[in-house]
Structure formats: C-alpha cells, structure tokens
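Per-entry structural report
Each chain is listed here by its residues.
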Amino acid sequence: MKTPTWVLVVITGFISLNLHAKPDIEQPVIKQLQESYRNNAVTSFDAPDGKAIWYSEQNGRSCTSCHGTSPTDVGKHRKTGKKILPMAPSVNPKRLIKAAKIEKWFLRNCKWTLGRECSPQEKGNILQWLQQI
Ligand code: HEC
C-alpha cells in the first residue's frame, strides 16, 4: 500500500519540530560572568558540580525549594507561593540574560539556601549547568 502524501508531510513536520524543540541557546552574559569569576584558582567550570550544588540540601532548603524539581519546570516560591518561570534558558530564553539580575539573586538565594554566599567557582559551575539543560 502506498503511503499517502499527507502522512509523509505530517511525519516530516514532526521530525523538523523535534530538531527545533531544544534550541542550543547560549546566553552571552554567562560567558562574560564566567570570565569575571576566573582567577588564579578558578580556571574552568564544571556542570555536574553546579548540578550538585543546586540539589544539595541545607536544613531542608535547596534551590529546588522555589525553582521546582527541574530547572525546566515552573517553580513556586516557598514563602510567597508565587510562580517562578523555568530557570533553564533552553525552555525560557529570557533567563540568565542580565548580569546584575543574576548576581543579585545569586547573593540573596545562596544566603537563604546555603546560609552563605556562593563562591565565583560555584556560580560559574551553576551557570554552566543551567545553560546545558
Ligand atoms: C526562597 C526562594 C528561592 C530559592 C530557595 C532560590 N531562589 Fe533563585 N530566585 C528566586 C526568585 C523569586 C527569583 C527572581 C524571580 C524570577 O526571576 O522569576 C530567583 C532568581 C534566580 C536567579 C536569576 C535568574 C535570571 O534569569 O537572571 C538565579 C541565578 C537564581 N535564582 C539562582 C538560585 C540558586 C543558585 C539557588 C540555590 C542556591 C536559588 N536560586 C534558590 C527565588 C529563590
């Protein structure tokens, strides 16, 4: 039996949709920030370590407390209940585009979650991971 043309069109459509499903988004500001984090001790950034920090728990708090189980999901602020849009630039291209915003929230959120500031190495690692998801 000959496959109808419309079936082929639909299949081709799905394949190209799939190819475009996850654009390889590179937020230029991430590179700039990582450059500013580099020093004698910090020479490269490690995504698995960034992921480990994201999921590490301190006194029942972790980055997931507000940002949700996965950075590709919509989160919910633990105190205010407000919706927080996904953190991964692959599903939310408006993420991680402003250095001042990133630094402001790193400061506030690392303090609340870990009880201390994140180091330049940790911040670079977290950004490395978030842009790869
Ligand atoms: C108490 C809730 C809460 C926790 C816990 C939390 N965050 Fe956030 N985070 C927010 C809110 C609120 C925003 C700003 C709102 C928005 O951008 O949607 C934000 C924004 C950010 C941003 C800026 C995103 C951008 O687009 O520039 C970064 C980076 C970030 N958080 C990192 C972290 C990291 C790393 C942790 C864990 C150490 C963490 N957050 C834990 C609530 C939280």
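You'll find the structure just up there.
The structure contained in this document is the topic of the report that follows. The structure displayed is predicted, hence computed values, not measured ones.

Procedures and definitions
Residues numbered from 1 in each chain as written. Predicted model: local features only at pLDDT ≥ 70, side-chain atom pairs only at ≥ 80, totals over all residues. Axes fitted to C-alpha atoms, helices over the stretch in contact; angles between N-to-C directions. Helix = DSSP H or I, 4+ residues; strand = E, 2+ residues; numbered from the N terminus. Parallel < 35°, antiparallel > 145°, perpendicular 65-115°, else oblique. Contact = placed C-beta atoms within 7 Å. Nonpolar A, V, L, I, M, F, W, Y, C, P; charged D, E, K, R; others polar. Near = placed C-beta within 6 Å.

As a further point, take the packing of helix α3 (residues 47-55) against helix α6 (residues 120-130). Axis separation between α3 and α6 bottoms out at 7 Å; the angle between their running directions is 100 degrees. The angle between α3 and α6 places the two elements in the roughly perpendicular class. Seen from α3, the contacting residues are Ala47, Asp49, Gly50, Lys51, Ile53 and Trp54; seen from α6, they are Glu122, Asn125, Ile126, Gln128 and Trp129. Class assignment of the residues belonging to the contact of α3 with α6 gives a composition of five nonpolar, three polar and three charged.

This paragraph deals with the site of the ligand. As a structural note, the neighbourhood of the ligand is formed by 22 residues, with Cys63, Cys66, Trp105, Asn109 and Thr113 the closest of them. Within the residue set of the shell around the ligand, elements represented by two or more residues are α4 (64-67) and α5 (99-114). For the shell around the ligand, the leading source of residues is α5, giving nine residues. Each residue belonging to the shell around the ligand can be placed in one class, and the counts come to 12 nonpolar, five polar and five charged.

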